[in-house]
Amino acid sequence: MSAEDLEKYETEMELTLYKEYRDIVAQFSYVVETERRFYLANSVDVAARNAEGEIYFEVRMSDAWVWDMYRPARFVKNVRVLTFKDVNVEELEKPDLRLPEGNQFGT
C-alpha cells in the first residue's frame, strides 16, 4: 500500500466517523474531551484525585460513544479514564422543538 493509498483510506475513515458522529450526537447529553480521546456520553462524573502530591482526574462515563476510527465498536456501556491532563466536559443543548428538515410542510 502506498503512502497515498494510506492517506486516502484514513481520510475516508475520518469522513465515515464524522458522519456517524453527526447522526448520533443528538442521542447524548455531554461531550467529553481528554488529551487522548473525544467522547459523547449521557452520564459523566469527574473527580480530582491526589496521589503522593500529584493531582490527576478520574473521569467516569456511561452510555458513551468514542471518537476513534480504529475501534471496531465505538459504543461503550461504561468508561473510566485516568489522566494528569485537562478534561473538558460540555453539556449539549437539547432543543425542545425540532423542525423537520427541508420543505415537509406540504406548501
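Data block above holds the structure.
Given the structure is predicted, the values throughout are model-derived calculations rather than measurements.

J.: Whenever I open this one, the pattern of salt bridges confuses me. Can you help?
T.: Oppositely charged side chains may form a pair once their charged atoms are brought near each other. Scanning the entire structure with this criterion turns up 6 salt bridges. A salt bridge links Arg60 to Glu58; the shortest N-O distance between them is 2.9 Å. Judged by its relative accessible area of 6%, Glu58 is buried. The network of salt bridges with common partners includes Arg49, Glu58, Arg60 and Arg80.

J.: When you look at a negative patch on the surface in this model, what are you seeing that I'm missing?
T.: Negative charge collects at one region of the surface, where Glu4, Asp5, Glu7, Glu10 and Glu14 lie side by side. For Glu4, the position within the fold is in helix H1 (residues 3-24). Classification of Glu4 as exposed rests on a relative accessible area of 67%.

J.: Would you mind showing me how to read H1 here?
T.: Residue pairs three or four apart in sequence face the same way in an α-helix, which turns once every 3.6 residues. Taking 1.5 Å of rise per residue, 22 residues should cover 32 Å, and H1 covers 32 Å from first to last C-alpha, within 8% of that figure. Considered for burial, the residues of H1 that qualify are Leu17, Tyr21 and Ile24. Summarising the axial view, the buried residues of H1 lie within an arc of 75°, below the 170-degree limit, and thus occupy one face. Projecting away from the buried face of H1 at angles above 90 degrees are the exposed residues Glu4, Lys8 and Asp23. The inward-facing, buried residues of H1 contact strand S2 (38-51), strand S3 (54-66) and strand S4 (75-83).

Conventions adopted
Residues numbered from 1 in each chain as written. Predicted model: local features only at pLDDT ≥ 70, side-chain atom pairs only at ≥ 80, totals over all residues. Heavy atoms only, no water. Salt bridge = Lys/Arg side-chain N within 4 Å of Asp/Glu carboxyl O. Buried < 20%, exposed > 50% of the residue type's maximum accessible area, 1.4 Å probe, protein only. Patch = residues over 30% accessible without salt bridge, like charges linked within 9 Å, V, L, I, M, F, W, Y side chains within 5 Å. Areas by Shrake-Rupley, 256 points an atom, 1.4 Å probe, with all protein chains shown as cover. Lys, Arg positive; Asp, Glu negative; His and termini not counted. Charge placed at Lys NZ, Arg CZ, Asp CG, Glu CD. Helix = DSSP H or I, 4+ residues; strand = E, 2+ residues; numbered from the N terminus. Expected span 1.5 Å × (residues − 1). Arc of directions from axis to C-beta. Contact = heavy atoms within 4.5 Å.

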